[in-house]
Amino acid sequence: MTMIPPRLFGSLATAMVTPMKADGSLDCESAARLARALVDDGCDTILLSGTTGESPTTHQPEKNDLTDAVREAVGDRAFILCGACSNDTAHAVRIAEGAQEHGADGLLVVSPYYNRPSQEGLRAHVLEVANATDLPVMLYDIPGRTGIAFSDGTLDALASHPRIKGVKDATGDVETGVDRMHRTGLEYYSGDDALNFAWMTGGASGFVSVVSHVAAAQYRRMIELLDSDQVWEARELSYRLRPLVRAIMGSGQGAVMAKYALWLQGVIDAPAVRLPLVGVSDSEVEALRAALVAQGAL
């Protein structure tokens, strides 16, 4: 029988888009509707104000309003994980404090982007945020976006902190991640939909997904299959989802494509994004529509 890993942060998290009205303002009504739909379809965690949630271009009052709306919409049916993501440590601390005040259950903390601190600076940044609240922390390792990766030494040191409990790994290196998972005892979560199956078979606790906006039920089924040792069935389900993963994540603009997918489904009222993100061409929308239809998602 498979030993199911610890899952403080749940097993299926959606890195939720931040719905916006056509004029670019926050659409809390659509956010609440989307969060309820995701939980109904099998998500046990909702990540707010992450990269897919356009965290660099949403502001603190909006983040707090979004957390309020989703917390009210889903109640205690889901773990609410909020991004406290900034390359300004003081700003990240303020975001973390606001998240706790507005009902978050945990924090996602990314390495500071653009200014690229040393590993000592990275550790100091994370500790400042982790010490600012009573919430458990998931680290976010995505060097392709931030320009700085968590080193082995940094992860080993941070793992001893009583509130640092997990890692969202978007490095693309499952082999190294599995080593780190076992060495540190931290809960590991796939941060790359194309590698969800590989991470789970390596012992990860779950995944933080963008494609689950439109495939939460399938991913929930995949987790159930793996938890019951039905690895081959889970592999086939993962393979069937690959065209949808490519359609949403293939351009590297998951936040944009996920919004268009939800708009096509009628879940959100507009696919609006904020600059520097922009919309996509009619041909890209039609290709996305075809992928959704092929998966029975539209």
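What you see is a predicted model, and the numbers here were worked out from it, not measured in a lab.

## Observations regarding the nonpolar core
Link 1 in the chain: Among the nonpolar cores identified, the biggest contains 98 residues, and M16, I46, V70, L107, L139 and Y219 are the most heavily contacted of them.
Link 2 in the chain: Among the elements that take part in this core, helix α9 (residues 212–227) stands out by supplying 8 residues, more than any other.
Link 3 in the chain: Sequence-distant contacts of V70, that is, excluding residues within four places in its chain, are made with M16, A31, A35, I46, L48, G75 and I80.

## Let's talk about the UniProt feature "active site" (unreviewed entry) in the chain
Link 1 in the chain: The sites that carry the UniProt feature "active site" (unreviewed entry) are, in the present numbering, Y140 and K168. Across 29 residues, the annotated set stays spatially compact, with a maximum C-alpha separation of 4.8 Å.
Link 2 in the chain: Here Y140 shows up in strand β5 (residues 137–141).
Link 3 in the chain: Setting aside residues no more than four positions away along its own chain, Y140 makes contact with T51, L108, V109, V110, S111, F150, K168 and A170.
Link 4 in the chain: Along the chain, the position of K168 falls in strand β6 (residues 164–169).
Link 5 in the chain: For K168, a relative accessible area of 5% puts it in the buried group.
Link 6 in the chain: In this view, K168 contacts L47, L108, M138, L139, Y140, D141, Y189, G191 and V208; residues no more than four positions away in its chain are not counted.
Link 7 in the chain: Here the side chain of K168 touches Y140 through a polar contact of 3.3 Å, side chain to side chain.

## Some words on the packing of helix α11 (residues 242–249) against helix α13 (residues 282–294)
If you want to describe how two helices pack, look at the angle between their axes and the distance between the axes.
Link 1 in the chain: Taken N-terminus to C-terminus, the directions of α11 and α13 make an angle of 155°; their axes are 9 Å apart at the nearest point. Of the possible angle classes, the one that applies to α11 and α13 is roughly antiparallel. Considering how the two elements wind past one another, α11 and α13 form a crossing that is left-handed. Touching L244, A247 and I248 of α11 are L288, A291 and L292, all from α13.

## Remarks on the packing of aromatic side chains
Link 1 in the chain: Inspection of the entire model under this criterion finds 5 aromatic pairs.
Link 2 in the chain: Following the ring pairs from residue to residue traces out a cluster consisting of F9, F79 and Y189.

The rules behind these values
Residues numbered from 1 in each chain as written. Predicted model: local features only at pLDDT ≥ 70, side-chain atom pairs only at ≥ 80, totals over all residues. Heavy atoms only, no water. Core = buried A, V, L, I, M, F, W, Y, C linked by side-chain atoms within 4.5 Å. Buried < 20%, exposed > 50% of the residue type's maximum accessible area, 1.4 Å probe, protein only. Helix = DSSP H or I, 4+ residues; strand = E, 2+ residues; numbered from the N terminus. Contact = heavy atoms within 4.5 Å. UniProt positions renumbered as here; feature names shortened; annotations may be inferred. Polar contact = N/O pair within 3.5 Å; in protein donor to acceptor, adjacent residues only side chain to side chain. Axes fitted to C-alpha atoms, helices over the stretch in contact; angles between N-to-C directions. Parallel < 35°, antiparallel > 145°, perpendicular 65-115°, else oblique. Left-handed = near helix turned anticlockwise from the far one by under 90°. Phe/Tyr/Trp six-rings, centres within 6.5 Å; stacked < 30°, edge-to-face > 60°.

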